[in-house]
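# Residue-level structure breakdown
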Amino acid sequence: MSQMTIKDIARKAGVSTATVSRVINGTGNVNEEMKNRVRSVIDASGFKPNFSARSLKVNRTFTIGLILSDISDRYYSLMTKAIADELPSSDYSLVVCNTADQPEKEKWYFDFLSSKHVDGIILNTAGGIDEEICRFSHETPIVLVNRQIQSHTDPKARIDLVGSDDLQGTITMTELLLKNGHRRIGMINGDLSVSSGRDRLQGFRRSMRAAGIDTEQDYPYLYINKFDTATGYQGMGYLLSRSPAPTAVLTMNDSITIGALKYCRENNISIPERLSLIAYGDVDNAELFMVTPTCISLTPHTIGRRAVQCLFERIQDPALHSREIIFTSTLVHGNSIAPHVE
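One structure accompanies this document, and this report is about it.

Conventions and cut-offs
Residues numbered from 1 in each chain as written. Predicted model: local features only at pLDDT ≥ 70, side-chain atom pairs only at ≥ 80, totals over all residues. Heavy atoms only, no water. Helix = DSSP H or I, 4+ residues; strand = E, 2+ residues; numbered from the N terminus. Buried < 20%, exposed > 50% of the residue type's maximum accessible area, 1.4 Å probe, protein only. Contact = heavy atoms within 4.5 Å. Areas by Shrake-Rupley, 256 points an atom, 1.4 Å probe, with all protein chains shown as cover. Lys, Arg positive; Asp, Glu negative; His and termini not counted. Charge placed at Lys NZ, Arg CZ, Asp CG, Glu CD. Salt bridge = Lys/Arg side-chain N within 4 Å of Asp/Glu carboxyl O. Disulfide = S-S within 2.5 Å. Pairing = 2+ DSSP bridges. Axes fitted to C-alpha atoms, helices over the stretch in contact; angles between N-to-C directions. Core = buried A, V, L, I, M, F, W, Y, C linked by side-chain atoms within 4.5 Å. Parallel < 35°, antiparallel > 145°, perpendicular 65-115°, else oblique. Left-handed = near helix turned anticlockwise from the far one by under 90°. Nonpolar A, V, L, I, M, F, W, Y, C, P; charged D, E, K, R; others polar. Polar contact = N/O pair within 3.5 Å; in protein donor to acceptor, adjacent residues only side chain to side chain.

### Topic: the overall build of the protein
- Helix and strand content of the protein: twelve helices and twelve strands.
- Principal-axis analysis of the C-alpha atoms gives the protein an extent of 80 × 45 × 30 Å.
- Each of the 342 residues in the protein was classed as buried or not, and the buried ones make up 50%.
- In the protein, 67% of the contacts between residues at least 6 apart in sequence involve partners at least 24 apart.
- Accessible surface computed for the protein: about 16,400 Å², of which carbon and sulfur atoms make up 50%.
- Separation between the mean location of the 37 positive side-chain charges and that of the 39 negative ones in the protein comes to 5 Å.

Quick look at the structure:
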């Protein structure tokens, strides 16, 4: 059985060798009935494709690189699962790299994946190496998730972005607090070297400015560090030490929210009685907290699946113009916001 060839598989399945090849390689259009017949014969026979020979024949390694800023973040864990599930064939391998938001690590992983001749890379950038990413895109298809780079200075760059509308999402959050009477509104945000941090800060400032509140110069209720739980914990402590303290706080990703909630729990800060809170991104196991945060709900599954689709479209046609696919975020109401009256 182990010596079976593609011709043997085709004969047993009653299809052409070209159809078998397309099913194995995950390329071309094959109807589901034929796919199932071919896969059934392959499974029953124990047939194992010769990956080395196949890679040489089609000039592919059947390997995709995924570079993430923080694999421990639940959002990116869910996205990784969606990406792995969406790969067009079980024969594809996914190499997952974690940069811990360090640009030098990201550059090293690019060099590593290039040496492995991966077919494409899905990237959640740590920021700071935009020019290098553009150069890599000349040879290797790249799809960004959630974080944009500056590529307009490189006319040869061909890079897609799949993400959510960070600017509008933060505007929605801020306006909801303003409508509930809050004026002293704090924000705990992550790194401004990446587009998501910058866009979220811009959305906050734009909404506050429209309400007549200047957040540009020496605004006392702004804490910016990293997109992690330590930032949430330390940021909440910093904001609540201001005098007067803010009446509401925006937390700008799920890890920051968890850190902020931990600080409030340890210091008996009741939400929303003493402090209103709104979160960017869903909070894992929110039902276990004393409060369910009102949040902008993100779509890691949708973004992960669409990123894979974009990547394989670009692998098939490297000359595609750069594309941006931005999903609208959804506001999900919890019980973490209370009206405020001065």
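### A short note on the pattern of salt bridges
- Throughout the structure, instances matching the rule amount to 13 salt bridges.
- Two residues, Arg 200 and Asp 166, come together in a salt bridge whose shortest N-O distance is 2.9 Å. In this pair, Arg 200 is assigned in helix α9 (residues 195-210) and Asp 166 in helix α8 (residues 166-179), connecting sequence segments 34 residues apart. Pair check on accessibility: Arg 200 and Asp 166 agree, each one buried.

### With respect to the state of the cysteines
- Enumeration over the complete set of coordinates arrives at zero disulfides.
- Cys 295 takes part in no disulfide bond, and the closest cysteine sulfur to it belongs to Cys 264, at a distance of 16 Å.
- We classify Cys 295 as buried; its relative accessible area is 7%.
- Cys 134 provides the cysteine sulfur closest to Cys 310, a residue in no disulfide bond, and the two sulfurs are 17 Å apart.
- Looking at Cys 310, the relative accessible area reads 1%, which means it is buried.

### Focus on the sheet that holds strand β11 (residues 324-327)
- The six strands are arranged β2-β1-β3-β4-β5-β11 in an open sheet whose pairing can be described as parallel. The open sheet has two free edges, formed respectively by β2 (93-98) and β11, since each of these has just one partner strand. Strand-to-strand, the axes of this sheet are offset by a mean angle of 15°, without reference to chain direction.
- Judged from the four bridges that link them, strand β5 (residues 159-164) and β11 form a sheet pairing that is parallel. Pairing of Ser 164 across the sheet is with Phe 327, part of β11.
- Taken strand by strand, helix α6 (residues 103-115) contacts β1 (63-68), β2, β3 (120-123) and β4 (142-145), and its axis lies near 155° from that of β2.

### Digging into the nonpolar core
- The biggest cluster of nonpolar side chains holds 61 residues, and the ones touching the most others in it are Ile 122, Ile 185, Ile 188, Phe 204, Tyr 219, Met 236 and Leu 250.
- Top contributing element to this core by residue count: helix α12 (residues 300-316), with seven residues.
- If we skip the residues at most four places from it in the chain, Ile 188 touches Tyr 223, Thr 231, Gly 232, Gly 235, Met 236, Leu 239, Val 249, Leu 250, Thr 251, Met 252, Ile 256 and Ala 260.
- Listed in part, the 18 residues of the second largest apolar core include Ile 142, Leu 144, Ile 149 and Ile 159.

### Section: unusual backbone geometry
- Between Ser 243 and the following residue, Pro 244, the backbone shows a cis peptide bond with an omega angle of 0°.
- In this model, Ile 271 is joined to Pro 272 through a cis peptide bond whose omega is 5°.
- Positive phi outside glycine occurs at Phe 62, with the angle close to 55°.
- Mapped onto the elements, Phe 62 comes out in the loop between α4 (51-58) and β1.
- The exposure class of Phe 62 is buried, given its relative accessible area of 1%.

### Considerations on the environment of Val 194
- Secondary-structure assignment places Val 194 in the loop between β6 (185-189) and α9.
- With relative accessibility at 3%, the residue Val 194 sits in the buried group.
- In sequence terms Val 194 and Tyr 280 are 86 residues apart; their C-alpha atoms lie 16 Å from each other.

### Quick notes on the packing of helix α10 (residues 229-240) against helix α11 (residues 254-266)
- Contact pair α10 / α11: the axes reach a minimum separation of 6 Å and the direction vectors enclose 50°. The orientation of α10 relative to α11 falls into the category oblique. In the crossing of α10 with α11, the sense of the turn from one axis to the other is right-handed. Every residue of α11 that contacts α10 at Thr 229, Thr 231, Gly 232, Tyr 233, Met 236, Gly 237 and Leu 240 is listed here: Ser 255, Ile 256, Ile 258, Gly 259, Ala 260, Lys 262, Tyr 263, Cys 264 and Glu 266.
- In terms of residue class, the contact of α10 with α11 is built from eight nonpolar, six polar and two charged.

### A word on the side chain of Ser 297
- Here Ser 297 shows up in strand β10 (residues 294-297).
- A polar atom in the side chain of Ser 297 sits 2.8 Å from the side chain of Asp 282.
- The contact partners of Ser 297, leaving out residues within four places of it in the chain, are Asp 282, Ser 329, Thr 330 and Val 332.

### As for the sheet that holds strand β7 (residues 222-224)
- Strand order across the open sheet formed by six strands is β7-β6-β8-β9-β10-β12, with mixed pairing between neighbours. Both outer strands of the open sheet, β7 and β12 (330-332), are each paired with one neighbouring strand and no more. Recorded for the sheet is a direction-independent mean angle of 15° between the axes of neighbouring strands.
- The strands touched by α11 within the sheet are β6, β8 (248-251) and β9 (276-280), with β9 carrying the most contacts at an inclination of about 155°.

Purely geometric numbers; function is a separate question.
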